[in-house]
Amino acid sequence: MVTRRRMIGAALATGGGVLLMRTTLRPAASADAASAAAVQDAAAHHPHPSGTDAPDPGPDAGPGLVEKFTTALPVPPVLSPVSTDGGADTYAVTMLRSFARILPGHRTEVLTYNGAFPGPVIRARSGRPVIVRQTNLLDDAVSVHLHGSRVPVTSDGGPMNLLDPGDSRTYTYPNDQPHASLWFHDHAHHMESEHVYRGLAGTYLLTDETERALPLPTGRYDLPIALRDARFDASGNLVYRMDDPFNRTTILANGRPWPKAEVAARRYRLRLLNSSNLRFFSLRLADGGPITQIGSDGGLLEHPYTTDTVDLSPGERADVVIDFSRYKVGSTVVLTNSLPPGPAEHVGQVMRFDIVRSAADPSGVPDTLRTLPAPGAAVRERTVVLKVEEGTAGSAPRGLIDGKVYDPDRVDAQVAFGTSEIWTVVNANTDVPHNFHLHLVQFRVLERNGKAPGPAESGLKDTVRLLPGESVRLHATFDSYRGRYPYHCHLLDHSAMGMMAQMEIG
Ligand code: C2O
Ligand code: CU
Ligand code: CU
């Protein structure tokens, strides 16, 4: 285990970083003129210089501006619907620039949904549609994607389905799927990476009868926690330079650096999301204490399992229960991360739990959480190869799927509606980590590197990690909607470089 972890760490710390350090903001060539224009437009209007053309502000100033474990972990705001008529919950969301108090004594300009950093939470129920009226008051075109959802293509928020500055549009989420901890984020082609980095991400918690019937911790004992890294200049401004893994060394939990959460000595459910652009986390309690994982991207696992480590690549979620009654009131425990890149005294620490009071605990974690149907017969197998290629003198690196940069006018995979397929996804880089995300479907992981996956990957997934040289076999059923949906690496700096492709379900 230690050897394997070292190996992962080494891969993340060395080759990948070196390769990616040379990237510029300039997007890989796209066949789509409109997209190129939108990107140029966005760049022209953007008040923040980005990419390597701007002078490098030096190392991340974040760690020097913060005393760890002093700021309280914020609970992200839950949005209230503007209407609950017509059998649906309707929300009005405005995307706008705002200022957040991220670092003590500084105001940081961020891009937000409704001014909230961390982004807001939408709570939804299976079978009851959610309608979100989005208004874009930013200077850039955007696209709002509900990650992990089963939605018609018109509401998927794909990379080319842009919402221009000043415009509004309505996204309809049928919620015709089981409970799951989803999230929404920007997806405007070539700009998603910077937009998400600057704040355009929120949480979407979908519940159903199956989940509600369980005695899991609820209310204030059910905490969404979004983890990410960031880089700041000495004035507390967010610094975005594409492919900058070594320099994003400030760890944010719910938008605050190394916060502390005051908890009662009882069970908590934590909905962990890795909303980083590039950073992988391997999370542990500093004392090696048990963490009960109960869910993954697509909702609860069939059975909980107890572990000391939770791995999350960008975009992945883990639903865990931690029982703080093991700790004495007055004690503290740090949530740590064992993966580079970055100095361990900074990136190795995430947040702290301060056990401040005792509390009654009527919650529990049953041995069976749900049942999942066995993956059905597949009609077709295909292989998908992910690779990032370093640019030769003067040209930007390219993100490739099956040797090609994303082209919105090309269909890369024709899928017959109503069928199941097995996809073998391969990371062809020997020194760069990737992961793989399919829109529209929650899939099953059949194999990782030729072997059965571990319990963390035994449930429904929409994003899987692919360390250098790894491969996974996935089973997906395409029986919900027809149309063109993307699949991509969810290291957003990679998808922004073209590591994205498109399937057509018809
Ligand atoms: Cu979370 Cu295509 O994205
Ligand atoms: Cu998605
Ligand atoms: Cu990648």
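Here goes a summary of the coordinates provided. (Residues numbered from 1 in each chain as written. Chains lettered and ligands numbered in written order. Predicted model: local features only at pLDDT ≥ 70, side-chain atom pairs only at ≥ 80, totals over all residues. Heavy atoms only, no water.)

## A look at empty space enclosed by the protein
Scanning the model with the defined rule gives six cavities of 30 Å³ or more in all. In this structure, the largest cavity encloses a volume near 200 Å³. Lining of the largest cavity is provided by 18 residues; of these, Pro118, Gly119, Ala201, Ala226 and Ser275 occupy positions nearest its centre. Listing elements by their share of the lining of the largest cavity, those giving two or more residues are strand E8 (201-207) and strand E9 (222-230). Taken together, the residues of the lining of the largest cavity break down into 10 nonpolar, seven polar and one charged. (1 Å grid on protein atoms, 1.4 Å probe; cavity = no way out; pocket = protein on both sides within 12 Å on 5 of 7 lines; lining within 4 Å. Points joined across faces, edges and corners; volume = space filled by probe spheres on them. Helix = DSSP H or I, 4+ residues; strand = E, 2+ residues; numbered from the N terminus. Nonpolar A, V, L, I, M, F, W, Y, C, P; charged D, E, K, R; others polar.)

## Re the environment of arginine 169
With respect to the helices and strands, the residue arginine 169 is situated in strand E6 (residues 168-173). Between the C-alpha atoms of arginine 169 and valine 132, which are 37 residues apart in sequence, the distance is 8.3 Å. The contact partners of arginine 169, leaving out residues within four places of it in the chain, are Val132, Arg133, Gln134, Thr154, Asn161, Leu162 and Leu163. Within the structure, arginine 169 has its side chain in polar contact with the backbone oxygen of threonine 154 (distance 2.7 Å). (Contact = heavy atoms within 4.5 Å. Polar contact = N/O pair within 3.5 Å; in protein donor to acceptor, adjacent residues only side chain to side chain.)

## Concerning the coordination of the copper ion (ligand 3)
Taken together, the protein ligands of the copper ion (ligand 3) are His434 (ND1), Cys489 (SG) and His494 (ND1), with distances of 2.0 to 2.2 Å. Mapped onto the sequence, the residues coordinating the copper ion (ligand 3) show the spacing H-x54-C-x4-H. Considered together, cysteine 489 and histidine 494 belong to a single accessibility category, that of buried residues. (Donors = N, O, S within 2.8 Å, 3.2 Å for Na, K, Ca; no water. Buried < 20%, exposed > 50% of the residue type's maximum accessible area, 1.4 Å probe, protein only.)

## Thoughts on the sheet that holds strand E25 (residues 434-438)
A sheet is described by the order of its strands in space; here five strands give the open sequence E23-E30-E29-E25-E27, paired in mixed fashion. The sheet is open, and its two borders are formed by strand E23 (413-415) and strand E27 (463-466), each paired with just one other strand. The average undirected angle you get between the axes of adjacent strands in this sheet is 25°. (Pairing = 2+ DSSP bridges. Axes fitted to C-alpha atoms, helices over the stretch in contact; angles between N-to-C directions.)

## A closer look at the nonpolar core
Phe353, Trp423, Phe436, Tyr487 and Met503 are the most contacted members of the largest nonpolar core, which has 83 residues in total. Once residues lying within four places of it in the same chain are set aside, the contact partners of tryptophan 423 are Arg382, Val384, Ala413, Val415, Phe436, Leu438, Val472, Arg473, Leu474, Phe478, Tyr487 and Met503. (Core = buried A, V, L, I, M, F, W, Y, C linked by side-chain atoms within 4.5 Å.)

## A look at the sheet that holds strand E17 (residues 310-312)
Strand order in the open sheet made by the five strands is E12-E20-E19-E14-E17, with mixed pairing throughout. Strand pairing shows two members of the sheet lacking a second neighbour, strand E12 (260-265) and E17, which therefore form its edges. Averaged over neighbouring strand pairs, the angle between their axes works out to 25° when direction is ignored. Bridge count for strand E14 (residues 281-285) against E17 is three bridges, and the pairing is antiparallel. Following the sheet pairing, leucine 283 is matched in E17 by valine 310.

## Description of the environment of arginine 101
With respect to the helices and strands, the residue arginine 101 is situated in the loop between strand E1 (89-100) and strand E2 (108-113). Sequence spacing of arginine 101 and glycine 255 is 154 residues, and the spatial spacing of their C-alpha atoms is 9.0 Å. Excluding its chain neighbours within four sequence positions, the residues that come into contact with arginine 101 are His106, Arg107 and Arg256.

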